[in-house]
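These are the residues of each chain, in order.
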Amino acid sequence: FGVTLNLQEKYFLVEAAFPSSQNYVGAMNLVNSASSQNNIILDKINFTQSEKNYFSTQISTSSSFASTISLIENLTHARRLLDISQITFSQDKETQSQGQINFVFPMNIFFENNSNEKK
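Treat the numbers as computed from the prediction; the structure is a model and nothing was measured. Within each chain, residue numbers correspond to sequence positions counted from 1 in written order. Note on the predicted model: pLDDT of at least 70 is required for a residue's local features to be given, and 80 or more for side-chain atom pairs to be given and counted; whole-chain, interface and lining totals, by contrast, use all residues. Note that water and hydrogens are dropped before the side-chain values are worked out from all heavy atoms of the structure.

**Overview of the overall build of the protein chain**
Okay, step 1: Only runs of H or I of at least four residues qualify as helices and only runs of E of at least two qualify as strands under DSSP, and these elements are numbered from the N terminus. Each helix and strand in the protein chain was counted, giving five helices and five strands.
Okay, step 2: Residue burial in the protein chain is summarised as follows: out of 119 residues, 26% are buried.
Okay, step 3: For the protein chain, contacts bridging at least 24 residues in sequence account for 69% of all contacts bridging at least 6.
Okay, step 4: Residue-level accessible areas treat just the shown protein chains as cover; the underlying method is Shrake-Rupley with a 1.4 Å probe. Summed over its atoms, the accessible surface of the protein chain is roughly 8100 Å², and 51% of this surface lies on carbon and sulfur atoms. Relative accessibility decides the category of a residue: with a 1.4 Å probe and only protein chains considered, values under 20% of the type maximum give buried, values over 50% give exposed, and everything between is partly exposed. When checking whether two residues touch, look at their non-hydrogen atoms; a contact exists if any pair is within 4.5 Å.

**Observations regarding the nonpolar core**
Okay, step 1: Among the buried residues, those of types Ala, Val, Leu, Ile, Met, Phe, Trp, Tyr and Cys that are joined through side-chain atoms within 4.5 Å form a nonpolar core. Grouped together as the largest cluster of nonpolar side chains are 18 residues, with contacts concentrated most on V31, I59, L71, L75, I84, F105 and M107.
Okay, step 2: Counting residues per element, the ones that place at least two in this core are helix 3 (24–37), strand 2 (54–63), helix 4 (65–76) and strand 5 (101–110).
Okay, step 3: If one sorts the elements of this core by residue count, strand 5 sits on top with four residues.
Okay, step 4: The contact partners of F105, leaving out residues within four places of it in the chain, are T57, Q58, I59, L71, I72, L75, I84, Q86 and I87.

**Things to note about the packing of aromatic side chains**
Okay, step 1: The rule is short: rings of Phe, Tyr and Trp, with Trp giving its six-membered ring, pair when the centres are within 6.5 Å, and they are stacked under 30 degrees, edge-to-face over 60, tilted in between. Using the criterion set out here, one finds seven aromatic pairs in the structure.
Okay, step 2: Taken together, a centroid distance of 5.6 Å and an interplanar angle of 35° make the contact between Y24 and F47 tilted. You can see Y24 sitting in helix 3 and its partner F47 sitting in the loop between helix 3 and strand 1 (48–49), a full 23 residues away along the chain.
Okay, step 3: Between F55 and F111 the ring centres are 6.2 Å apart and the planes differ by 35°, which places this aromatic pair in the tilted class. Here F55 is found in strand 2, whereas its partner F111 is found in the segment after strand 5, with 56 residues between them in sequence. For the residue pair F55 and F111, the accessibility class agrees, reading buried in each case.
Okay, step 4: Ring pairs connect the aromatic residues Y24, F47, F55 and F111, which therefore count as one cluster.

**Re the pairing of strand 5**
Okay, step 1: Burial along strand 5 is one-sided: I101, F103, F105, M107 and I109 are buried, and none of N102, V104, P106, N108 and F110, which face the opposite way, are.
Okay, step 2: In this analysis, strands are considered paired if DSSP registers two or more bridges between them. Where strand 2 lies against strand 5, 10 bridges are found, and the strand directions are antiparallel. Residue S62 lies in a different strand from strand 5, and its bridge partner there is N102.
Okay, step 3: The pairing of strand 3 (residues 82–83) with strand 5 spans two bridges and is antiparallel. The partner of D83 across the bridge, within strand 5, is N108.

Encoded structure:
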């Protein structure tokens, strides 16, 4: 009984890390919060649903290198399970003159997919 009660009390942590549904709003809030904490402006965020237990987005903008690293660090330390498989940095004359870099990284955001369970 005591173990069950302790797990139930911590269920919100499991739900935050690996939600029982896609929870696009939670994912959007996570990205927006991390972006605003690092003074990075994102024009738009699109999510693409996979046939598996994740959906994807790609973050692409320009910022200072330090802000970009902090953004990525904030996202990877979030409770939500996600995967950033690649980060691409580039610089053109405009971003160089502004002391910024362009960056792009795809991100997979996971959730529990119960639709494949046998009933």
